[in-house]
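# Breakdown of the fold
Okay, here's what each chain looks like letter by letter:
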There are 2 protein chains.
Amino acid sequence: MLFGTNLDRAQRFNRRVVLETIRVNGPLSRADVARLTGLSAQTVTNIIDQFKPAGLLIEKPRRTGGRGQPPIDLVINPSAAFSFGISFDDRRLVVVLLDLGGEIRGQAELPVAHPTPGVILPLVEAAVNQLVSKTKISPELIWGAGVVMPVLVSQGHPTALGPSSVPDWQDFPVAEKLRERLNMPVFLDNDATAAAIGELLFGAGRQFSDFFYIYLGVGVGGGIIISSRPYRGAFGMSGEIGHMMSVPGGRPCPCGNKGCLERYVSLSAADAAFREQPETFAALDLDELYKGFETKNPRLMNWLDEAAEHLRNAIVSVENLFDPQAVILGGPVPDTVLDALIERIEPSLISVSHRQGNASSRLLKAETGLDSRVLGAASLAIFDSMTPDFSVLKKEAIEVE
Amino acid sequence: MLFGTNLDRAQRFNRRVVLETIRVNGPLSRADVARLTGLSAQTVTNIIDQFKPAGLLIEKPRRTGGRGQPPIDLVINPSAAFSFGISFDDRRLVVVLLDLGGEIRGQAELPVAHPTPGVILPLVEAAVNQLVSKTKISPELIWGAGVVMPVLVSQGHPTALGPSSVPDWQDFPVAEKLRERLNMPVFLDNDATAAAIGELLFGAGRQFSDFFYIYLGVGVGGGIIISSRPYRGAFGMSGEIGHMMSVPGGRPCPCGNKGCLERYVSLSAADAAFREQPETFAALDLDELYKGFETKNPRLMNWLDEAAEHLRNAIVSVENLFDPQAVILGGPVPDTVLDALIERIEPSLISVSHRQGNASSRLLKAETGLDSRVLGAASLAIFDSMTPDFSVLKKEAIEVE
DNA sequence: CTGATTAAATCCACTTATTGGATTAAAAGC
DNA sequence: GCTTTTAATCCAATAAGTGGATTTAATCAG
């Protein structure tokens, strides 16, 4: 439904525009911000004055060199706000504390045997409280927490298409329950979307406004960034690249179709190739698998070749459908595996992105590394508070501060 | 780049919100609009007063029945604005005059042998002038013209990946040249995107904010509507569903890959099946082909079965990637062909859109029919002037009225 | 038939963010 | 030491949305 806006909302929007412009474009003077945003210098001054009490911006000493009065450079104060990232599956729970600059300030990791809500929620609460007291950050600087778990998320709630490794969470109101316990805004998202947002804020996506993030994990998912915002689809389930048809009539998939990409390109598929057995859809021994990659196990090297073929076709489709600035490959796999895949895929990609004069590499490796998942989770709250989204103009939108 | 907004832009945005809300939601009182948009009743009154001089809105007699003072219903005046649609290929040129209600007020159709700019531009100018004088509409009510031709459009200019049926237009500044001749805003777009916008404004897409339009023509293209706006990709070439890989290692495609969907699902592919010959990539005899469909030619019926298979896989991928509210199938093909395809595809579609409780049909037939292309072209200017887009808030945005 | 009730539309004074022009400040150039 | 240039700020003006009060016009209850 459409909505109108007003003076209030417009300023809230402008505040975010100013903040995000400074965050992305490095040290910037008030005059620079005015030029970049189209706002008047006076307006920029006013808005920046509003940020001062919260300490969100740091003024650097006047920079000399050119003519005229030297500008005062502004940068984001990384210690002005914090966010928690929470990630778990059927093996472990990870909680990280991220600052506004994208640095990890604290981390807790716990083994988990039975990831039921009754077990996980208290553990999360304890870990968060412990991190707060250990790092001595003041609670009002915490903008929120993001949660990622191995489920699909539709309209804020966990859902699943096939069997799940965390079945107890189906339709459980995670965000609400955690909000009550932690007393801060809580966001739940798909792993791929969260990782894409993490990459957008702090990683390889920083330079792009439109990219497709491929999250290679136990399955394979996609996070879509359009106009510097996540696109979650009409029902929150977009980006399911793993269930694109890769081999007509191929391997059966729990989703009900045959030949889905995920059955060929995923850690689960790699594991099957490694063990020379069909996929079991049970918990994987990831350490074993990582070791196999490290020792260049021939079955895994073989799998890499095959996986690259399948993935290339999927990327061609993605490029042809989205025409993004880049496709970014990441997820909880060793860097060497990502490199190996990219090396095999890139040279022979033909799509609309193959345009003349486009010499730049279109398939990039994610920068957030093995922790992309939990870093993505942590970036959800920061993203929500900082982005000059359309919805900021809406009445229901949430206050930046 | 980010941009700020101001009071001025905010009102421009609100004006469009009010107008579009009334256009879509039928007769609405000022109070209704206030409730739907979140604007105050006073603001709605003010904005509607601004539209009165231009005659954009019509007040219907007070509606009685309920308690309280009866509301005054408002509807869009279809005769308050007009737009031209211009479409040509290597066979014919079509120019239509559309009103704000989506009705065709006038139409001109001319055969074309050599569609060079030198031939087409004067013909268009003459046709437009003739339609203006014949329908006696006043020139200041014309919001603009949209152009569609068989090329890909990237950043406002014609480009091509493979061979083109209108090679003389490569990188030709169509919009600029026509703007000079017609003295009105001119928009150039891909056929699929234009048809999708037409469907969004006046067709099956009216009820949706997120859908994928499949344009089945000589080739097959896709128009993406996200949040009620077209998504053209980072470089304007999104939606190229025709070059998704359908058969690994399959029929060679001029794009450089093998097994592209378009080599199996398109009028060109149908024609090849009809003639039992490989594709020639020369001009098709469409009338012959249409006749073949009408007489239920067995080779074409066979092609329908095969095409449906390929198209189904592509739609599964599209649904899994975009999670749209619907996929709409249209283009310059007989209704019976669209029906036949949908009938074969729909029942066995499995994707994330296959969610529980989603009984609604996900694959729909376009409503704009055979003329989807030129109607889409005509809707470009109307869309540009009416939609409460993000960009309206920008300094550079164009005035509504 | 009359007064109470309900809802729409408008009137009016007020608030507030942005703006544009003027002013001040601080450097470099000549 | 004066001029030029640029940044940042001061100040009065502008204009759109808001909230409360008022007017208008219908239905409902007695």
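Structure's up top.
Structural notes, computed from the coordinates. These numbers were taken from a predicted model, which means no experiment stands behind them.

## Some details on the overall build of chain A
The helix and strand inventory of chain A stands at eleven helices and 14 strands. Relative to a compact globule of 401 residues, whose C-alpha radius of gyration would be 21 Å, chain A shows 22 Å and is just as compact. For chain A, the proportion of its 401 residues judged to be buried stands at 57%. Partitioning the contacts of chain A with sequence separation of at least 6, the portion at a separation of at least 24 is 63%. Only carbon and sulfur atoms are counted for the fraction: they give 51% of the accessible area of chain A, which is about 16000 Å². Side-chain charges of chain A comprise 38 positive and 46 negative groups, with the mean position of each set lying 6 Å from the other.

## Quick notes on the protein's contact with DNA strand C
Around DNA strand C, 28 residues are found, and the nearest of them are Asn14(A), Gln69(A), Gln42(B), Gly68(B) and Ile72(B). If you look at DNA strand C and keep only atoms within 4 Å of the protein, 67% of those are sugar or phosphate atoms. Here a phosphate oxygen of DNA strand C sits 3.2 Å away from a polar atom, N or O, in the main chain of Arg30(B). Breaking the surface near DNA strand C down by element, the ones donating at least two residues are helix H1 (7-24) and helix H3 (41-51) of chain A together with helix H2 (30-37) and helix H3 (41-51) of chain B. A per-class count over the surface near DNA strand C returns six nonpolar, 17 polar and five charged.

## Quick look at the relation of the copies chain A and chain B
When chain A is brought onto chain B, the operation consists of a screw motion whose angular component is 180 degrees and whose axial shift is 0.0 Å, with 0.1 Å RMSD remaining. With respect to symmetry, the two chain copies, as superposed, fit the operation of a two-fold axis. Most of the interface of chain A is mirrored in chain B: 100% of its interface residues are interface residues there too.

## A few points about the interface of chain A and chain B
The interface of chain A with chain B comprises 60 residues on the first partner and 60 residues on the second. Interface area for chain A against chain B, summed over the two sides, is near 5000 Å², with a carbon-plus-sulfur share of 65%. Looking only at chain A, the three residues that lose the most surface to chain B are Leu2(A), Leu321(A) and Phe390(A), adding up to 14% of its buried area. At the surface where chain A touches chain B, the tally comes to zero salt bridges. On inspection of chain A and its partner chain B, the count reaches 22 residue pairs in polar contact (both at pLDDT 80 or more). Elements supplying a minimum of two residues to the side of chain A that touches chain B: H1, helix H2 (30-37), strand E11 (220-226) and helix H9 (298-322) of chain A.

## Section: the nonpolar core
Grouped together as the largest cluster of nonpolar side chains are 88 residues, with contacts concentrated most on Ile241(A), Leu341(A), Ile241(B) and Leu341(B). Beyond its immediate chain neighbours, meaning those up to four positions away, Ile241(A) contacts Phe212(A), Ile214(A), Val220(A), Gly221(A), Gly222(A), Leu261(A), Ala314(A), Val318(A) and Leu321(B). Judged by nonpolar contacts, the second largest core, of 50 residues, contains Val33(B), Ala81(B), Val96(B) and Leu100(B).

## Examining the sheet that holds strand E11 (residues 220-226) of chain B
The pairing of strands in a sheet comes from backbone hydrogen bonds and takes either a parallel or an antiparallel form. Residues and elements named next belong to chain B. The five strands lie next to each other as E12-E11-E10-E13-E14, forming an open sheet whose pairing is mixed. The sheet terminates laterally at strand E12 (229-230) and strand E14 (363-365), the two strands that pair on one side only. Taken together, the three bridges between strand E13 (residues 326-330) and E14 define a ladder with parallel strand orientation. When the bridges of E14 are listed, Ile 328 appears paired with Leu 364.

## Overview of the pairing of strand E3 (residues 82-88) of chain B
Residue and element names in this part refer to chain B. The buried fraction of E3 is high, at seven of seven residues. The alternating pattern of E3 places Phe 82, Phe 84, Ile 86 and Phe 88 on one face and Ser 83, Gly 85 and Ser 87 on the opposite face, and all of these are buried. Connecting E3 to the antiparallel partner strand E4 (residues 92-99) that follows it, the hairpin turn spans three residues. Where E3 lies against strand E6 (residues 142-148), six bridges are found, and the strand directions are parallel.

## Considering the packing of helix H1 (residues 7-24) of chain B against H2(B)
Residue and element names in this part refer to chain B. Running from amino to carboxyl end, H1 crosses H2 at an angle of 110 degrees, the nearest separation of the two axes being 10 Å. Between H1 and H2, the angle is such that the two are roughly perpendicular. In the packing of H1 onto H2, the handedness of the crossing is right-handed. Together, Val 17, Val 18, Thr 21 and Ile 22 of H1 and Val 33, Leu 36 and Thr 37 of H2 make up the contact between the two elements. Within the contact of H1 with H2, the residues separate by chemical class into five nonpolar, two polar and no charged.

## A closer look at the pairing of E11(B)
Residue and element names in this part refer to chain B. The element E11 is extensively covered by neighbouring structure, given that seven of its seven residues are classed as buried. Because side chains alternate across E11, one face comprises the buried residues Val 220, Gly 222, Ile 224 and Ile 226, and the other comprises Gly 221, Gly 223 and Ile 225, equally buried. Judged from the six bridges that link them, strand E10 (residues 211-216) and E11 form a sheet pairing that is antiparallel. Counted as the bridge partner of Leu 216 is Val 220 from E11. Count of turn residues in the E10/E11 antiparallel hairpin: three residues. Here two bridges tie E11 to E12, and the two strands are oriented antiparallel to one another. Across the sheet, residue Ile 226 finds its bridge partner in E12, namely Arg 229.

## Description of helix H8 (residues 286-294) of chain A
All names here are of chain A. Listed as buried for H8 are Leu 286, Leu 289, Tyr 290, Gly 292 and Phe 293. Here the buried residues of H8 occupy an arc of 155 degrees about the axis, which is enough to place them on one side. Residues of H8 that are exposed and point more than 90 degrees away from the buried face comprise Asp 287, Lys 291 and Glu 294. Each element contacted by the buried residues of H8 is listed here: helix H7 (267-275), H9 and helix H10 (335-345). Two residues or fewer past H8, Lys 296 is found with a positive phi of approximately 55 degrees.

## What about the protein's contact with DNA strand D?
Near DNA strand D, the surroundings consist of 27 residues, among which Gln42(A), Gly68(A), Gln69(A), Asn14(B) and Gln69(B) are the closest. Within 4 Å of the protein, the contacting atoms of DNA strand D are 67% sugar and phosphate, with bases supplying the remainder. At a separation of 3.3 Å, a phosphate oxygen of DNA strand D approaches a polar side-chain atom of Asn6(A). Thr45(A) places a side-chain nitrogen or oxygen 3.2 Å from a phosphate oxygen of DNA strand D. Listed by contribution, the elements that provide at least two residues to the surface near DNA strand D are H2 and H3 of chain A together with H1 and H3 of chain B. A per-class count over the surface near DNA strand D returns six nonpolar, 16 polar and five charged.

## Things to note about the sheet that holds strand E13 (residues 326-330) of chain A
Spatially, five strands are ordered E12-E11-E10-E13-E14 (chain A) in an open sheet, and the strand pairing comes out mixed. Bordering the open sheet on either side are strand E12 (229-230) and strand E14 (363-365) of chain A, each of which pairs with just one other strand.

## Focus: the packing of aromatic side chains
Following the criterion strictly, the structure yields 13 aromatic pairs over all chains and no others. Arranged with centres 6.3 Å apart and planes meeting at 50 degrees, the rings of Phe3(A) and Phe13(B) form a pair that is tilted. Within this pair, whereas Phe3(A) is found in the segment before H1, its partner Phe13(B) is found in helix H1, the two belonging to separate chains. Comparing Phe3(A) with Phe13(B), the two get one shared label, buried.

## Digging into unusual backbone geometry
Keep in mind that most residues, glycine aside, have a negative phi and that most peptide bonds are trans. Residue and element names in this part refer to chain B. One non-glycine residue with positive phi stands out, namely Asn 183, at about 60 degrees. Take Asn 183: it is sitting in the loop between helix H5 (174-182) and strand E9 (186-189). Overall, the relative accessible area of 70% leaves Asn 183 in the exposed class. Although it is not a glycine, Asp 323 adopts a positive phi angle of roughly 45 degrees. Within the element layout of this structure, Asp 323 appears in the loop between helix H9 (298-322) and E13.

Conventions and cut-offs
- Residues numbered from 1 in each chain as written.
- Chains lettered and ligands numbered in written order.
- Predicted model: local features only at pLDDT ≥ 70, side-chain atom pairs only at ≥ 80, totals over all residues.
- Heavy atoms only, no water.
- Helix = DSSP H or I, 4+ residues; strand = E, 2+ residues; numbered from the N terminus.
- Rg over C-alpha atoms; globule rule 2.2 N^0.38 Å.
- Buried < 20%, exposed > 50% of the residue type's maximum accessible area, 1.4 Å probe, protein only.
- Contact = heavy atoms within 4.5 Å.
- Areas by Shrake-Rupley, 256 points an atom, 1.4 Å probe, with all protein chains shown as cover.
- Lys, Arg positive; Asp, Glu negative; His and termini not counted.
- Charge placed at Lys NZ, Arg CZ, Asp CG, Glu CD.
- Near = heavy atom within 4 Å.
- Polar contact = N/O pair within 3.5 Å; in protein donor to acceptor, adjacent residues only side chain to side chain.
- Nonpolar A, V, L, I, M, F, W, Y, C, P; charged D, E, K, R; others polar.
- Least-squares fit on C-alpha atoms with pLDDT ≥ 70 in both.
- Buried area = accessible area lost by both parts, 1.4 Å probe.
- Salt bridge = Lys/Arg side-chain N within 4 Å of Asp/Glu carboxyl O.
- Core = buried A, V, L, I, M, F, W, Y, C linked by side-chain atoms within 4.5 Å.
- Pairing = 2+ DSSP bridges.
- Axes fitted to C-alpha atoms, helices over the stretch in contact; angles between N-to-C directions.
- Parallel < 35°, antiparallel > 145°, perpendicular 65-115°, else oblique.
- Left-handed = near helix turned anticlockwise from the far one by under 90°.
- Arc of directions from axis to C-beta.
- Phe/Tyr/Trp six-rings, centres within 6.5 Å; stacked < 30°, edge-to-face > 60°.

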